[in-house]
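Fold and contact review
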Amino acid sequence: GENVEQHPSTLSVQEGDSAVIKCTYSDSASNYFPWYKQELGKGPQLIIDIRSNVGEKKDQRIAVTLNKTAKHFSLHITETQPEDSAVYFCAASRPNAGKSTFGDGTTLTVKP
Amino acid sequence: GAVVSQHPSWVICKSGTSVKIECRSLDFQATTMFWYRQFPKQSLMLMATSNEGSKATYEQGVEKDKFLINHASLTLSTLTVTSAHPEDSSFYICSARHAGTSWETQYFGPGTRLLVL
């Protein structure tokens, strides 16, 4: 089955700096890669996703890049703010898989 | 759009009682809903996949007689924790996927915190 590894497990940055979280996946048939943000005591919220037919996608301060050959994808947050502090999860799924495989999460702390 | 609600948001119960958690897709129809369990500072652990009108598919190691799942409509799935014990205390989260599309996007509910005394 699919295996998703996420790094780093914790990340601390200064406000205004950029943050990068990386995930690798094992199943070359996976074609959908979402990123979720989970604040303390809440459910995960989809923040951005990418499909395998594109290499990069941006939404304001957030971007995701995908390297299908290397089977890894990354979340980039620029100009970080304290409210970006949360746990971020990546996931991967293949067509008609019925379910996604999640990474173990990255706890991002943005220091003011 | 794509809002998923859960009820209750938190529940405290005595050992041996059963607890029902509801998951609703408020503004879309969901043929598939997922139930997850999450321990503190850990990732999401998929418990089961629920398809409307059919039996749920449970992940290995999840007791289907203990965690009863019903997905009776395109907007509602329920998880019943039967004869709950303290070790069942956890954060339970559901997610729902749009019906009628090939999208894999899952939208999560806010979670239900269960404490069994």
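So, here's what we can say about the structure. The model shown is predicted, which means the values in this text are computed figures rather than measured ones.

**Structural notes on the interface of chain A and chain B**
Between chain A and chain B, the contact holds 21 residues from the first and 21 residues from the second. Both faces combined, the contact of chain A with chain B buries some 1,500 Å², and carbon together with sulfur accounts for 51% of it. On the chain A side of the interface with chain B, the three residues burying the most area are P44, K99 and F102 of chain A, jointly 30% of the side's total. If you look at where chain A meets chain B, you find one salt bridge. For the salt bridge of K99 of chain A with E59 of chain B, the shortest nitrogen-to-oxygen distance reads 2.9 Å. On the surface where chain A and chain B come into contact, there are seven residue pairs in polar contact (both at pLDDT 80 or more). When residues of the side of chain A that touches chain B are traced back to their parent elements, those giving at least two are β4 (32-38) and β5 (45-51) of chain A. Classifying every residue of the side of chain A that touches chain B by side-chain character gives seven nonpolar, eight polar and six charged.

**Comments concerning the packing of aromatic side chains**
On inspection of all chains with the given rule, the structure shows twelve aromatic pairs over all chains. Ring geometry for F33 of chain A and F73 of chain A: centres 4.8 Å apart, planes at 45 degrees, overall tilted. Here F73 of chain A lies in strand β8 (residues 72-77) and F33 of chain A lies in strand β4, a separation of 40 residues in the sequence. The buried category is assigned to F33 of chain A, whose relative accessible area is 0%. Seen in terms of ring centroids, F102 of chain A and F108 of chain B are 6.0 Å apart; in terms of plane orientation they differ by 75 degrees. Their pairing is edge-to-face. Of this pair, F102 of chain A sits in strand β10 (residues 101-102) while F108 of chain B sits in strand β10 (residues 106-108), on two different chains.

**Quick look at the state of the cysteines**
All names here are of chain A. The tally for this structure, following the rule as stated, stands at two disulfides over all chains. Here C23 connects covalently by a disulfide to C90, the sulfurs 1.9 Å from one another. Between C23 and C90 the sulfur-sulfur dihedral comes to about -100 degrees; the bridge is accordingly left-handed. In this pair, C23 sits in strand β3 (residues 19-25) while C90 sits in strand β9 (residues 86-92), placing the two residues 67 residues apart along the sequence.

**Side note on the pairing of strand β5 (residues 45-51) of chain B**
Within a regular strand, the side chains alternate between the two sheet faces. All names here are of chain B. With five of its seven residues buried, β5 lies for the most part within the structure. As defined by bridge partners, strand β4 (residues 30-38) adjoins β5 across six bridges and the pair is classed as antiparallel. Note that in β5 the partner of M33 across the bridge is S50. Counting the residues that bridge the hairpin from β4 to β5 gives six residues, and of these K41 lies at a positive phi of roughly 60 degrees. When β5 meets strand β6 (residues 57-58), the two strands line up antiparallel, connected through two bridges. Bridge pairing in β6 places T49 opposite T57. Where β5 hands over to β6, the hairpin turn is made up of five residues, of which G53 adopts a positive phi near 85 degrees.

What counts as what
- Residues numbered from 1 in each chain as written.
- Chains lettered and ligands numbered in written order.
- Predicted model: local features only at pLDDT ≥ 70, side-chain atom pairs only at ≥ 80, totals over all residues.
- Heavy atoms only, no water.
- Contact = heavy atoms within 4.5 Å.
- Buried area = accessible area lost by both parts, 1.4 Å probe.
- Salt bridge = Lys/Arg side-chain N within 4 Å of Asp/Glu carboxyl O.
- Polar contact = N/O pair within 3.5 Å; in protein donor to acceptor, adjacent residues only side chain to side chain.
- Helix = DSSP H or I, 4+ residues; strand = E, 2+ residues; numbered from the N terminus.
- Nonpolar A, V, L, I, M, F, W, Y, C, P; charged D, E, K, R; others polar.
- Phe/Tyr/Trp six-rings, centres within 6.5 Å; stacked < 30°, edge-to-face > 60°.
- Buried < 20%, exposed > 50% of the residue type's maximum accessible area, 1.4 Å probe, protein only.
- Disulfide = S-S within 2.5 Å.
- Pairing = 2+ DSSP bridges.

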